[in-house]
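So the chains spell out like this:
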Amino acid sequence: MDMRDITETTRITPSAGVTRDRHGWRAKCLQRLVRMDLPVPLSFALPCETVGAIAAGRHLRLEALRHVFEAGSGLVSVRPSALMPEWGGPGTVLNVGINDTLHARLCDVIGRDSADAIYLSFVQSYAINIARLDPDMFAQEGKDALPRALRAFEAETDEPFPQDPAQQLAEVLRSMARAWDGPTARLLRQAKGAPADAPLGLVVQDMALALGPGLCGSGTIQFVDPVTGNPRVTGRFRGQSHGAAVGTGAETLYLTHDERGPSLQDIAPETFADLIRFGIAARERLREEMQIEFVVTGGRISVIDATRVVRGSRAGVRIAVSLARDGIIPAEEALMRVEPRALADLLHHQVDPRAPRDLITRGINASPGAATGRIVLTAAAAQAANARGEPCILVRRETVPEDIRGMHASVGVLTERGGTTSHAAVIARGLGLPCIVGATGIRVDLRNRTLTAGGRELREGDEITIDGSSGEVLAGAAALLPPALDDNFTQLLDWASQAGGIGVRANADTPEDALTARRFEAQGIGLCRTEHMFFDAERLPAMREMIFADSADDRRLALARILPMQRQDFTQLFEIMAGLPVTIRLFDPPLHEFLPHDREGLRELAESMDLPLSDVTRRVEALSEFNPMLGMRGVRLGITMPEIYDMQARAIFEATVDASRKGDPVVPEIMIPLVSAMREVELVKNRVDAVAAAVRNERRTDFTYKLGVMVETPRAALRAGDIAAHSAFLSFGTNDLTQMTYGLSRDDAGRFMGTYVAQGVYSEDPFHVLDQDGVGELLLTGVQRARRQAPGITISVCGEHGGNPESIAFCHEAGFDYVSCSPFRVPIARLAAAQSAIRARLSGVED
Ligand code: PEP
Ligand code: MG
C-alpha cells in the first residue's frame, strides 16, 4: 500500500490558500464568510485530491486528524464541498467526536438529557450511514435509548462503539468519499450537468452547541421570498435543537414578529439584529441572495454555512435586477444570471409552485403559462362558453385550421396528438395561450362528450388546469400566480437591448400579434403568415369561392373580393409597426385546408355555393393530397395559380402607399415560401415587379420593396448561392427545413418523439431545439453560399427555433442578422441574444 501521507487539512482562515477548484464551493464560500469577520466556527477544508485518494483506498493518518477536535467543542460536522452547489454530495454528518468522555463532560454543561440526545443521534447516524448496519436495529428512543443503542452497535459489530474521535472522523471521511464515487451519486450529479469524474472536497467544522442554558437552537434565514424575490425574512428557528438531537424544551419560533406565537425577533432582538446584519453583509460580499444557516449558543450566533437561495423564475429576475441596481453586480452579469426560458413564466399565469397539484396526465409543453377552465371538446362549444363568459380549455385530438376561432375563445389548448410545431402548438404560441400537445394519455370521446385521462373520466364542463410550461394536466382549479411584467422585467430587457447581439423580430399575423410584438420591443415582423387571415368566418366564403373557381378569370373575380380585406390587414400591420420592417409571406398552405372535411360541412358549402353536393365533394376530393405538406403548397401554388400572389402583392403595395401617406414610409418585405429552385423565384419576381409597376402607375407614387426567399427545403439551402442572386433577403424556415431534412412529419412526430428522445436517438426534439449537426449544417452552408454571392444579403431564421436560446446562440455565431419568433417569445429571444453577445465578448470573439 502507498503509505505517503495524504491527510492534509487546511484551516480556513482569511489568508489560507483555499480555492474552489481545489477545495470545492462550500470551502471557498466559508472562507469568504471568514474574511467578512462573520462568526464562523473553526473550519478545515480537505482538498478534492485527498478525498479522491481516500475513496481509492489510501490510508488516513489518525494523528493528523486530531487537531480538528482540539480548539473547539470537541464535536465536528463534515459537509460535502463539490465544485458547484447544485452537484450535491453525500449528506452532512454531525456530532463526530462524541464519546463517553465528552458525553460525561457535556452532561455537566448542558444536562444529561441533552448530552444523551447528541450521543444517541451520532451513534444512530454512524451505525446506519457509516457502519451500514440495519436501520431497524437503531430506532431506539425513550428511556435508556443511548445505552441500548451502544449495546446494539457492539452486538452487531462485535466491537465497542469507537471512542477515538480521530478514528470516527476517518471512517466518516472514508464513507463520504466512497458515497460520492457510487453509481447513484454519479448519475444524480450528471443529471445536474456535472462531469462523471467531478471531484469532491469536504469541510470539517467545529460544532457550536445548540443545546444548553440560555437561548440555544439552530435555524436558517433568508431575506427574500423564494417565489417573488421581494424582500421578506423567511426561514425557521428551532430552540434547543442541535441537528437531529433535540433537547427538552425544544420549540419552534417564528423568525420575525408574528401574532401567532413567539418569535426570535421579539425574544432576542439583538441576536435577530445580528442575523439581519450578517445577511446584508453576505449579500454584498458574496454578490448573491444567500440563505444563512446558523446556530445560537446562549444568545451568541455562529454562522455555519451559507447557500444561494433556491428560487423560482420570478424571484430569479427580481434578485438579479436588484443586485445590479444596488451596484453589487454589473448589469451584464445580471443578464447572464437569468435563464432566458424563465422569462416565459413571467409573461403568463403560472401554477403557484407552493400549491398542491392533482396531476392527471402529461404531454408536451408546447406553449408556456397556466390556465384553468372548463373542458370543451369542439370549437363551437368553446365559442359558446366564451359567450357565456366562462373560461374554457379546448381539448381536441388535434386542431385543424377551422379550430382557430375556438382557440381564440379558449384560455388554453390541450391535444392528444401533435408535436412542438403542430398546428395547435404554433397557433397557441402565437396567441400566448398555454398549450399542451401530444398528451397521449388522454382519450377524447366526442360522442359521449368525455375525456379519459390517467384512469379518470372527465366530462365536458369539468374544470381542469393546464400547465403549458411543464406539460402537466391537473384536475380542478390550481392556485395560479399572475404574470409578473413588472419594472424588473422591463429593466432586464432594457439592459438586454443595450448588450446588442443578433436582432429579434416577431412572427405576427394579426394586429393583436403586432401590438404584442411592439409591446415586447421586437425590431419588426419577420414573418406574417398571410393565410391565417382567411380562416375568419367572413373571409372563408370568398376564399372557398376562389378555390372553386373554374378559370383564372373566375379566380381573379373571387380574389378581387378578398383584396380589400388583405389591403386593410396590411395597412393595419404597417401602421402598428410604424416604419419598422414587416416581412409578409405569400400564401403557403395547401388549399384543401380551407375546405370542410365532414359531410355536414360539405353540405353547407354546397348550399352556400349553390352547387350540387356531389360536385362539391368531387372537387374537395380532387384537391386532397396524399402528402399535402410536400404537395401543392407554397410557391408551387404561386406558380400554378399566379393570380393569388398577384392579388397579395397588390394588397401589400396599395397598403404600402396608404400607410406611407399617413405615417412613416413603409418598405415592405415580400417573402416567397417553400422555394426549391431559382427559377421559381424568377417567375414570382417578374409578376410581383409587374404588379408594383402597375400600382405605382395607378397611384402615381413611388415606393420600394424587398423580395426575399424562405429557405425551407434542403435544396434551397444547397442552392442558396444562386437564389441569393435574385433575393434581397433569405429567411430560413427551420420548421419545414427540419421536417424535410429528417423526413419527419411535423404533425405526426409527437407520436414517437418522446420515445426517441428518451432512448437517446435524438438528444432533443429537433422541432424544438435546432439540430445543429444536421439542419445546422444546411444553415451554415446556405449562409456561406448566399454571402459569397451577395455579401450584403440579410439572413434570418423564422422557424420556431427563432425563440429557442440555444438555437439563437447558434444563429448569432453563424452570422445571422436576426431571428424571428412568436411575439410572446420575443423577450426570451432578446435575453438569449444579449447573452450570446456577452459570451462572445467575454471569449474575445468580435461581435
Ligand atoms: C417554417 O417552415 O419554418 C415556417 C416558418 O413556416 P411554417 O411554420 O408556416 O411552415
Ligand atoms: Mg414553412
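Above this text sits the structure in question.
Summary of the structure given here. (Residues numbered from 1 in each chain as written. Chains lettered and ligands numbered in written order. Predicted model: local features only at pLDDT ≥ 70, side-chain atom pairs only at ≥ 80, totals over all residues. Heavy atoms only, no water.)

1. Some details on the coordination of the magnesium ion (ligand 2)
Put simply, the ideal angle at a metal is 109.5 degrees for four donors in tetrahedral geometry and 90 or 180 degrees for six donors in octahedral geometry.
Okay, so step 1: Surrounding the magnesium ion (ligand 2) are the protein donor atoms Glu712 (OE) and Asp736 (OD), which sit 1.9 to 2.0 Å from the metal. Of this pair, glutamate 712 sits in the loop between β28 (706-711) and α27 (714-718) while aspartate 736 sits in helix α29 (residues 734-742), and the two are 24 residues apart along the sequence. Each of the two residues, glutamate 712 as well as aspartate 736, counts as buried. (Donors = N, O, S within 2.8 Å, 3.2 Å for Na, K, Ca; no water. Helix = DSSP H or I, 4+ residues; strand = E, 2+ residues; numbered from the N terminus. Buried < 20%, exposed > 50% of the residue type's maximum accessible area, 1.4 Å probe, protein only.)

2. As for the pairing of β28
Regular strands place their side chains on alternate faces of the sheet.
Okay, so step 1: Among the six residues in β28, five count as buried, and that is most of the element.
Okay, so step 2: The sheet contact formed by strand β27 (residues 669-672) and β28 spans four bridges and is parallel. Residue pairing in the sheet places isoleucine 672 in a bridge with valine 709 of β28.
Okay, so step 3: Handedness of the β-α-β unit built from β27, helix α26 (residues 678-699) and β28 comes out right-handed.
Okay, so step 4: Summarising the sheet, β28 and strand β29 (residues 729-732) pair through four bridges and their orientation is parallel. Looking across to β29, one finds that glycine 708 is bridged to phenylalanine 729. (Pairing = 2+ DSSP bridges. Right-handed = clockwise from strand over helix to strand, strands pointing away.)

3. Some points on the site of ligand 1
Okay, so step 1: Taken together, the neighbourhood of ligand 1 is formed by 13 residues, with Arg529, Glu712, Gly733, Asn735 and Arg746 sitting nearest.
Okay, so step 2: Glutamate 712 is positioned with one of its side-chain polar atoms (N or O) 2.8 Å from an oxygen atom of ligand 1.
Okay, so step 3: In isolation ligand 1 offers 290 Å² of accessible surface; the protein chains occlude 95% of this area.
Okay, so step 4: Counting only elements with at least two residues in the shell around ligand 1, the list comes to β25 (525-529) and α29.
Okay, so step 5: Split by residue class, the shell around ligand 1 holds three nonpolar, four polar and six charged. (Near = heavy atom within 4 Å. Polar contact = N/O pair within 3.5 Å; in protein donor to acceptor, adjacent residues only side chain to side chain. Areas by Shrake-Rupley, 256 points an atom, 1.4 Å probe, with all protein chains shown as cover. Nonpolar A, V, L, I, M, F, W, Y, C, P; charged D, E, K, R; others polar.)

4. Quick word on the packing of aromatic side chains
Okay, so step 1: What the rule picks out here adds up to 15 aromatic pairs.
Okay, so step 2: On the basis of an interplanar angle of 50 degrees and a centroid distance of 6.1 Å, the ring pair of tyrosine 126 and phenylalanine 153 is categorised as tilted. Taken together, the positions of tyrosine 126 in helix α6 (residues 112-130) and phenylalanine 153 in helix α7 (residues 145-157) put the pair 27 residues apart, joining distant regions of the chain.
Okay, so step 3: Take tyrosine 126: its relative accessible area is 4%, and that puts it in the buried class. (Phe/Tyr/Trp six-rings, centres within 6.5 Å; stacked < 30°, edge-to-face > 60°.)

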